[in-house]
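Structure assessment
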There are 2 protein chains.
Amino acid sequence: MNVLFIMADQLRWDHLSCAGHPYLRTAHLDALARRGVRFDRAFVNSGVCGPSRMSYYTGRYPISHGATWNRVPLSVGEVTMGEYLRGAGRRLALAGKTHVMPDQAGLERLGIDGQTELGTLLMRGGFEEVDRYDGHHPPGSESGYPAYLRAQGYDSADPWTDYVIAGIDAQGQVHSGWHMRHVHLPARVAERHSETAYMTDQAIGFMQRQGSQPWVLHLSYVKPHWPYMAPAPYHAMYTADQCLPVVRSQAELQHAHPVVAAYRQQEECVSFQRDDCIRTVRPAYQGLIHQLDDHLGRLFNEMERLGVLDDTLIIFTADHGDFLGDHWLGEKELFYDTVQRVPFIVVDPRPEADATRGTVDSRFVEAVDVLPTVLDLLGVPGASQRIEGRSLRPLLEGTATDWRGFTYSELDYGFREARRTLGMTPQQARAFSLRNERWRYVMWLDQPEQLFDLAADPDQMHDLGTDPGHAGVRAELRNRLLDFLARRKHRTTMSDEAVERSTAAHKRAGVFFGQW
Amino acid sequence: MNVLFIMADQLRWDHLSCAGHPYLRTAHLDALARRGVRFDRAFVNSGVCGPSRMSYYTGRYPISHGATWNRVPLSVGEVTMGEYLRGAGRRLALAGKTHVMPDQAGLERLGIDGQTELGTLLMRGGFEEVDRYDGHHPPGSESGYPAYLRAQGYDSADPWTDYVIAGIDAQGQVHSGWHMRHVHLPARVAERHSETAYMTDQAIGFMQRQGSQPWVLHLSYVKPHWPYMAPAPYHAMYTADQCLPVVRSQAELQHAHPVVAAYRQQEECVSFQRDDCIRTVRPAYQGLIHQLDDHLGRLFNEMERLGVLDDTLIIFTADHGDFLGDHWLGEKELFYDTVQRVPFIVVDPRPEADATRGTVDSRFVEAVDVLPTVLDLLGVPGASQRIEGRSLRPLLEGTATDWRGFTYSELDYGFREARRTLGMTPQQARAFSLRNERWRYVMWLDQPEQLFDLAADPDQMHDLGTDPGHAGVRAELRNRLLDFLARRKHRTTMSDEAVERSTAAHKRAGVFFGQW
């Protein structure tokens, strides 16, 4: 069996036609969902790229893997999907983005040369790079994209800045996509040379080169993440009236939670508080998704042609959503379903999974579940004392009898201006959240709690975090959170099986304490 | 400045004459306390040797360092006192016990050869071994003790088993100290060749060899830990009536907490439920302490003779206490002050500490405070994103204005028979406890809580863990515990200073998101 683990960057759960979007068309993802299971309540474990992805790659919550925000190195002590696979003689290839930051200090401390095979693998989070490109920067030497662009005639030292995220207006004037007011324009890059097209080509090339050799590929697109510059014709495929209505209310601005209020003062939120920003960005965002869907169609066709489509476990998901002006916010991070909930489609090719094919499953699945699912279905052993997610196999086979009743996410906002606005230290800038069927609860260090009643208020307009009438609910959710945090996997150097073997084993070890 | 960090093994806080023991004489420790500060409410962060010691050596709570019980390897990812010192060109010498288990799997995973200097240091928890001996096993090749014994005429392949922990009765018959009924007998080893004498000799030899070279030494005795076999004349220095009265009541056996009840079925507790066991062991235990105190006197005299006594930071403490039959329990682990509270004396030789000399400080200090105190007083930088304890410097200088109001401890009882008695998995066998001035609170996974009112019930006889009248107190302490667990240091790969420098720094990094 092959594994194709596809990630979109910053793709909202509600921006798929199979998830109910009334205008956006994602025909190929809809078809993918019909071939497998669409998990309708899938959540990330952090609403930020870096920590969310590290949860996907380690099967552990951010509080356990420690890479709590972008740019925080993934400790050399963490074991990733690539390393587990490698232990079983398989490799994990990468085309696209991971956001893994190398733990240089950790390598240096342990005398590990970053140039060796092991060092390289640790620096890259266990991935073997077909082409790595983390997006929203000019691609570096790990990617062939700049050279490719130049070979296609984009004559520039930095073709990404000059063509890929630049638009061109009717007068032929060039405008940077870093300014969102310009993203109604078509990108200066031809669609077939765009980031999404290029990375799809990389995946196809990899599959072709593999031939009959089985593979595991992480295809990780940098879109529809900002800069929101879509190539023609996708830049003009949707009008502002064909986007979801903005979800916000004046009431939200009254007695707002201090951290949320501080976020709203950040530039991206101020921009997204403008109607013209929302009406400019959302169509481009939808265009980028439509484009991504078309390239997935191309990829799946090629897989069919290569004869691997029916032998491949396919997982499609995203690292988090995007506010796009909802709740008077831009970007991501905070604890709204808009950001925390993601698309999640799994096609398990095994006959055992036929029973669930084409169904929608509304149980809570999480980012941490991907790694144990992949290992389980490939028959590769994991480390039960480390991995905190659960294999989705019983859900895919329709045999699960019990499942988690809530999902967990957290935030480190130490790197954000909001922290300074509030006068907090980096260690204080932390939040921990549970969401079950009924409630979204957030515990902030040194700040008030948040609570939303998702039954009465599915859009999360009314924060009940300080409402006296809900003190009991908050106390109950606090208890659940305490229980959750206490159960994290701390004893990573010894397996449960080893503990079992060592239980009450002192006499076998020649230690005879306690005898009268 | 030199540092002498002395640890006794399994020494109760109340078994010092300066702490109020009415019979036991610890003249040299009392004198030490007069030269510095005696911390009267010092607590370990786990009532088990291994995790408690790893908290001393890393400055981190067990939930953070991950070595949650004896025999659990200390992850190669953890930074120990020796490594911090080494980074500043100093070394940490060891004479005695550490209980560090090497993380062989971690070394292997990272391709680190355990035979190299780095590998050896990581295997040994950062210590450079003058003589390592973990106790309660025949000493291995890291210790010169067996050879020393044989050179003194103890003719045996295993002189420890045959002489050190063996006693001899009036008829000349030899009895093993593994059976507590025999510990009224004198050990077969001469006092001057006993474990405590030998390790004191090692420390003295080390100091003599250092000459004028400054040093940091961890002198870590294996006594008064079991086997409780004391050499003459200490075996008979105290009578059963010169021991503390046993603290237990019939009421404790009614409605006992399930985990405590399961512990009481373990062999060491069954034995210590016998009056004859208590009356046999306690005098020997006191004898071992008296002996230890005498050797500390010898050591301090030698330090004075060498001219280093007034240039040395001395810390004396223990890794936990010993029930000795209190609460119908033997050994340690559970959340009673008997076990969690330890002796803790600090002599800071600097003039800045003169103001507190000879005082008793009743603020909560913890095992995790030792490492940051040593680094602070030596001017060696630590890693603020890792170290969870606090430097005691402001307490020693009398300048502290605020301090922690509670102490934290935890337990992993996965390795104990009690877990099986209760039908729990290793992952379930965990408890997390806070103790403040008034309350001792314990949260057990999948078991009832415990609560003791230390004002009304200083001996912890009445568990209010399920008392309806104390639901509010428990809820408040649960909230404190949640806050505590949420504040553990997870982001170990990046310092707070680096976060501060990176805050809102995206534009400097060429990323211009969110601009309209």
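Residues numbered from 1 in each chain as written. Chains lettered and ligands numbered in written order. Predicted model: local features only at pLDDT ≥ 70, side-chain atom pairs only at ≥ 80, totals over all residues. Heavy atoms only, no water.

Considering the relation of the copies chain B and chain A
Just so we agree on the cut-off: Least squares is the method used to superpose the copies, on C-alpha atoms of residues holding a pLDDT of at least 70 in both. By definition in these notes, contact holds between two residues if any of their heavy atoms fall within 4.5 Å.
The transformation that overlays chain B on chain A combines an axial shift of 0.0 Å with a rotation of 180°, and the residual RMSD is 0.0 Å. Here the symmetry operator amounts to a two-fold rotation axis. Relative to the rotation axis, the closest C-alpha in chain B is found at Leu482 of chain B, a distance of 2.6 Å. By residue overlap, the copies meet face to face through one surface: 100% of the interface positions of chain B are interface positions in chain A.

Some details on the sheet that holds strand S15 (residues 450-453) of chain A
Residue and element names in this part refer to chain A. Put simply, the rule is: Pairing between two strands requires that DSSP report at least two bridges joining them. Helix and strand definitions follow DSSP, with helices as H or I runs of at least four residues and strands as E runs of at least two, each counted in order from the N terminus. Comment: axis = line fitted to C-alpha atoms, over the contacting stretch for helices; angle = value between 0 and 180 degrees taken between N-to-C directions.
Taking strand neighbours across the sheet as the criterion, the four strands line up as S12-S13-S14-S15 in an open arrangement whose pairing is antiparallel. Either end of the sheet is taken by a strand with one partner, and the two such strands are strand S12 (406-412) and S15. The average angle at which neighbouring strand axes cross in this sheet is 10°, direction not considered. As judged from the five bridges shared by strand S13 (residues 430-436) and strand S14 (residues 439-444), these two strands associate in the antiparallel manner. Considered in S14, the bridge of Arg435 is made with Arg440. Set on the sheet, helix H17 (residues 471-486) makes contact with S12, S13, S14 and S15; between it and S14 the angle comes to about 70°.

Things to note about the side chain of Thr80 of chain A
Basically, it comes down to this: Partly exposed residues are those whose accessible area sits between 20% and 50% of the maximum for their type, while under 20% is buried and over 50% is exposed, using a 1.4 Å probe and protein chains only.
Examined against the element boundaries, Thr80 of chain A turns out to sit in the loop between helix H3 (62-65) and helix H4 (81-87). Judged by its relative accessible area of 3%, Thr80 of chain A is buried.

So, the state of the cysteines
Residue and element names in this part refer to chain B. The condition is simple: Two cysteine sulfur atoms make up a disulfide if the distance between them is within 2.5 Å.
Scanning all chains against the criterion turns up zero disulfides over all chains. Here Cys49 is not cross-linked by a disulfide; its sulfur's nearest cysteine counterpart is in Cys269, at 15 Å. Look at Cys49 and you get buried, because its relative accessible area is 1%.

A look at the pairing of strand S8 (residues 312-318) of chain A
Residues and elements named next belong to chain A. Burial of S8 is extensive: seven of the seven residues sit out of reach of the surface. Where burial is concerned, the two faces of S8 agree: the one with Thr312, Ile314, Phe316 and Ala318 and the one with Leu313, Ile315 and Thr317 are both buried. Sheet topology places strand S1 (residues 2-8) next to S8; seven bridges connect them, and they run parallel. Across the sheet, Val3 pairs through a bridge with Leu313, a residue of S8. In the sheet, S8 pairs with strand S10 (residues 344-347) via four bridges, with the strands oriented antiparallel.

Quick word on the confidence of the model for chain A
As a reminder, the rule being used: Residue-level confidence of the predictor is what pLDDT reports, using numbers from 0 through 100.
Per-residue confidence for chain A gives a mean pLDDT of 97; residues scoring 70 or more make up 100%. Across the predicted assembly, pTM comes out at 0.97 and ipTM at 0.96.

Re the interface of chain B and chain A
Under the convention used in this document: Throughout, buried area stands for the accessible area (probe radius 1.4 Å) lost by two parts on being put together, summed over both. Whenever Lys or Arg places a side-chain nitrogen within 4 Å of a carboxyl oxygen from Asp or Glu, that contact is recorded as a salt bridge.
In this assembly, 79 residues from chain B lie in contact with 79 residues from chain A. Between chain B and chain A, roughly 7,400 Å² of surface is buried when both sides are summed, and carbon and sulfur atoms account for 57% of that area. Here chain B is connected to chain A by 12 salt bridges. For Glu267 of chain A, the salt bridge goes to Lys507 of chain B, with nearest N and O atoms at 2.7 Å. Listed by contribution, the elements that provide at least two residues to the side of chain B that touches chain A are helix H6 (117-123), helix H11 (267-272), helix H12 (275-306), helix H16 (417-421), strand S13 (430-436), helix H17 (471-486) and helix H18 (496-502) of chain B.

Here we look at the packing of helix H9 (residues 195-210) of chain B against H12 of chain B
All names here are of chain B. In plain terms, the rule: Here roughly perpendicular refers to angles of 65 to 115 degrees, roughly parallel to angles under 35, roughly antiparallel to angles over 145, and oblique to all remaining angles. Crossing handedness is defined as follows: a turn of the near helix away from the far one that is anticlockwise and smaller than a right angle gives a left-handed crossing, while the clockwise case is right-handed. Side-chain classes are defined by residue name, with Ala, Val, Leu, Ile, Met, Phe, Trp, Tyr, Cys and Pro counting as nonpolar, Asp, Glu, Lys and Arg as charged, and the others, Gly among them, as polar.
In the contact formed by H9 and H12, the axes pass within 10 Å of each other and the chain directions differ by 15°. Here H9 is positioned roughly parallel relative to H12, judged by the angle of their axes. Read as a crossing pair, H9 and H12 show a hand that is right-handed. Contact residues: Thr196, Ala197, Thr200, Asp201, Ala203, Ile204, Met207 and Gln208 in H9; Gln291, Leu292, His295, Arg298, Leu299, Glu302, Met303, Arg305 and Leu306 in H12. Split into classes, the residues belonging to the contact of H9 with H12 amount to eight nonpolar, five polar and four charged.

Here we look at the environment of Asp30 of chain B
Residues and elements named next belong to chain B. With respect to the secondary-structure elements, Asp30 resides in helix H1 (residues 27-35). In this structure, the C-alpha to C-alpha distance between Asp30 and Asp293, residues 263 residues apart in sequence, is 9.3 Å. Asp30 has contacts with Ser17 and Cys18, leaving out every residue within four places of it along the chain.

Side note on the pairing of strand S10 (residues 344-347) of chain B
All names here are of chain B. Neither face of S10 is left uncovered, since the one carrying Phe344 and Val346 and the one carrying Ile345 and Val347 both have all their residues buried. Pairing of strand S2 (residues 37-43) with S10, which is carried by two bridges, proceeds in the antiparallel orientation. Within the sheet, the bridge partner assigned to Val37 lies in S10 and is Val346.

Comments concerning helix H1 (residues 27-35) of chain A
Within an α-helix, residues lying three or four positions from one another point in the same direction, as the helix has 3.6 residues per turn. Residue and element names in this part refer to chain A. To keep things clear, this is the line we draw: This arc is taken over the directions from the axis of the helix to the C-beta atoms.
Listing the buried residues of H1 in full gives Leu29, Asp30, Leu32 and Ala33. The buried residues of H1 occupy one face: seen down the axis, they fall within an arc of 155°. Packing partners of the buried residues in H1 comprise strand S2 (37-43), helix H12 (275-306), S8 and S10.

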